Amino acid sequence: MKFKISTKLIALLLGLTLAVLVVVITAINNVFSRTINENVVLDFAQLRGFFKVQQNLQYDRLAESAYLISVNSNFIANVSLNDPATVEYAISEFYDLIKSDLFIVTNDEGKVLSWYGRPDSTGIDLTRRENISMALDGEEPPIEIQWPELWAVNDVLYQVVTIPVYTNNYSYLIGTITIGNIFKDTEAQSLKENTSLEVVMFLNDKTIAYSDSVMSPSLFEQEALNRSSLIDSLTENLTVSEPFRTTIGDTEVLTFLSPLGHGERAYYYAYVPAAKQFEILTELQKNILFIALISIFVVIPFAILLARAFSGPIKSLTDAMLKVREGDLNVSLKPKTNDEIGILTKTFNEMIIGLRERFALSKYVGDHTLDMIMKTSDQELDLGGARKELAILFTDIRGSTKKIATSGPETFISILNRTLSSQADAVISQEGSIDKFVGDSLIALFSGENALERAIRCGIRIQQDYLKDEEVSTFFDGLGIGINYGPMVLGNMGAKERMDYTVIGPEVNLCARLCSVAETGQVIVPKKRIEENGLDKVFKVHTVSSKNLKGFDNEIEIMEVLYE
């Protein structure tokens, strides 16, 4: 028998009591609060674990690089000379290989022989640095660290590793080598990847890295000043604070404090807005309070039955919604009733199916199209566009038509998809957007700062990747690329029932013509665009020729971008 939820409420309210209602409200509030708090504490613990793993990986890379340099015979010979100019030359050969931000070599007295990028630092005594003194005493860095070693230089924070340098036969110590990397926004952003937390890193009371794109990190600087005694204690004793609530600007947050390492007063806040964590609980509390007020005026004794009737389905829906919020779309609930809650559960399942379909469809459109849809999600899409300065890239695989006729469809599609996937990766690496795939061709757009330079770098990588893949490069006859930059119309084109968000204009047509005349292996660009953007000083280029291209009255001077 089917009953509406209002009918169930009337039947259940007959047995409610005020005492049981209070107990149920308290129990539900405690369970949800405890669950949410446990999730937040778990996120905090998970982030601390991520930080330790991240810093250990950084430490291993730095230690390995330092050790390999320290046992290099040429490097040892240069350090043995105790000549700053000789050592400066030696470390310049290693600097680009190790990709570190800090590179210092001292003699056996702890005085700087060479500080890469700071020639005026020669002779500075670094023995006040604990890790320098330990290395001069012959101590090797540990295999695993609990906290990273930190140096602050000119308000920039580095994670460093220092090891001693010996003669070739290890008979005596001749100096030390220190290398390190800067704490940047990427460290803060990588920490938050797998949690809902945001991270702000500090050196003393100034922010040096952050992950939050909404709240300004400067708001935390006053908070840091107010908690200076706690921060001093944590950084001196290398301990982590308990989670606590505080207000940043106008936002209440759940947060904790942790040192970044030892050697400097450096630390980070990990936080999440309290409203974000407790919004479901707040809404539920409002609903329960409303029902309680009604129950007081009707019949109180049966409140416990009302709570049981509501808590189960609502808890299931709440858990499912939390999973969806975390990105899990493989959620499905089985309706247990035929009332409004059952209808809501069925509607929720239908909504998840719709989300899966939309997620799958998003793979068939470019990033610029997705951005447009998100920005206009509250409006009806109309035909039309706007003129924008963009860089555009066309690629064309030579010999694909012939291969379609002479090879099996499975083989042809497999190899074609492989090279198109590689081209797509190159576009994404340069922050471009794939406009469309047209047969064996790719069209990509680049906007913003240095758009043309990024498009050219993308074209170079596509050619290099194509040549590196022997199966692809021997299967097809080659690859030509045309690139252009200038004003073009970007917008919705087609019909109301079926439209395409793309670009048109003379600059687009010119790019297509360039691609068609590009020879195998070439990346060609109008000479005018190269010179306008000063890219002849960035890339190695040479003028190919002036060509009459279809649709253009004047000859177009073309330059080829050379690459290894």
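Right, let's get into the pairing of strand β5 (residues 173-182). When you tally the buried positions in β5, you get 9 out of 10 residues, the bulk of the element. In this structure, strand β1 (residues 102-107) lies alongside β5, joined through 6 bridges in antiparallel fashion. Looking at β5, one finds that V105 is bridged to I177. Where strand β4 (residues 156-166) lies against β5, 9 bridges are found, and the strand directions are antiparallel.

Our focus in this paragraph is helix α3 (residues 73-80). Inspection of α3 places F75, I76, N78 and V79 among the buried residues, and these make up the whole buried set. Around the axis of α3, the buried residues are gathered within 165° of arc, so they sit on the same side. Near the N-terminus of α3, the side chain that reaches the backbone nitrogen of N74, with its oxygen 3.0 Å away, is that of N72. Following α3 by one or two positions, N82 has its phi on the positive side, about 55°.

With antiparallel pairing, 5 strands are arranged side by side in an open sheet as β2-β1-β5-β4-β3. Looking at strand neighbours, the two that pair on one side only are β2 (112-115) and β3 (149-153), the edges of this open sheet. Shown here is a sheet whose adjacent strand axes are inclined to one another by a mean of 30°, direction ignored. The strands touched by α3 are β1, β2, β4 and β5; relative to β5, the strand with the most contacts, the crossing angle is about 115°. Where helix α4 (residues 84-98) meets the sheet, its contacts fall on β1, β2 and β5, and the angle it forms with β2 comes to roughly 40°.

Turning next to the packing of α3 against α4. Between α3 and α4, the shortest axis-to-axis distance is 8 Å and the interhelical angle comes to 155°. The orientation of α3 relative to α4 falls into the category roughly antiparallel. Handedness of the crossing formed by α3 with α4: left-handed. Residues F75, N78 and V79 of α3 pack against T86, V87, A90, I91 and F94 of α4. Residue composition of the contact of α3 with α4, grouped by class: 6 nonpolar, 2 polar and no charged.

On to the pattern of salt bridges, then. Per the counting criterion, the structure on display carries 17 salt bridges. Salt-bridge contacts for E223 lead to R227; the nearest nitrogen and oxygen are separated by 2.3 Å. Exposure remark for E223: the relative accessible area of 7% places this residue in the buried category. Residue D465 is joined to R461 by a salt bridge in which the shortest nitrogen-to-oxygen separation is 3.2 Å. You can see D465 and its partner R461 sitting in helix α15 (residues 451-468), 4 residues apart, about one turn around the helix. One network of salt bridges, with partners in common, ties together D205, D232 and R265.

Two quantities define a packed helix pair, namely the angle between the helix axes and the distance between the axes. Viewed as axis vectors pointing N to C, helix α14 (residues 409-429) and α15 meet at an angle of 150°, and their least axial separation amounts to 9 Å. Regarding the angle of α14 to α15, the classification is roughly antiparallel. The hand of the α14/α15 crossing is right-handed. Here α14 contributes T419, S422, Q423, D425, A426, V427 and S429 to the contact with α15, which in turn contributes C458, R461, I462, D465 and Y466. Per-class residue counts for the contact of α14 with α15 are 5 nonpolar, 4 polar and 3 charged.

This brings us to the confidence of the model for the chain. On average, residues of the chain score 80 in pLDDT, and 77% of them are at 70 or above. Confidence drops under pLDDT 50 across residues 360-366; counting only partners more than four residues distant or on other chains, this segment forms 4 contacts. Low pLDDT, under 50, characterises residues 372-382; the predicted model gives this stretch 10 contacts beyond four residues in sequence or across chains.

Calculation rules
- Residues numbered from 1 in each chain as written.
- Predicted model: local features only at pLDDT ≥ 70, side-chain atom pairs only at ≥ 80, totals over all residues.
- Heavy atoms only, no water.
- Buried < 20%, exposed > 50% of the residue type's maximum accessible area, 1.4 Å probe, protein only.
- Helix = DSSP H or I, 4+ residues; strand = E, 2+ residues; numbered from the N terminus.
- Pairing = 2+ DSSP bridges.
- Arc of directions from axis to C-beta.
- Polar contact = N/O pair within 3.5 Å; in protein donor to acceptor, adjacent residues only side chain to side chain.
- Axes fitted to C-alpha atoms, helices over the stretch in contact; angles between N-to-C directions.
- Contact = heavy atoms within 4.5 Å.
- Parallel < 35°, antiparallel > 145°, perpendicular 65-115°, else oblique.
- Left-handed = near helix turned anticlockwise from the far one by under 90°.
- Nonpolar A, V, L, I, M, F, W, Y, C, P; charged D, E, K, R; others polar.
- Salt bridge = Lys/Arg side-chain N within 4 Å of Asp/Glu carboxyl O.
- pLDDT = per-residue confidence, 0-100.

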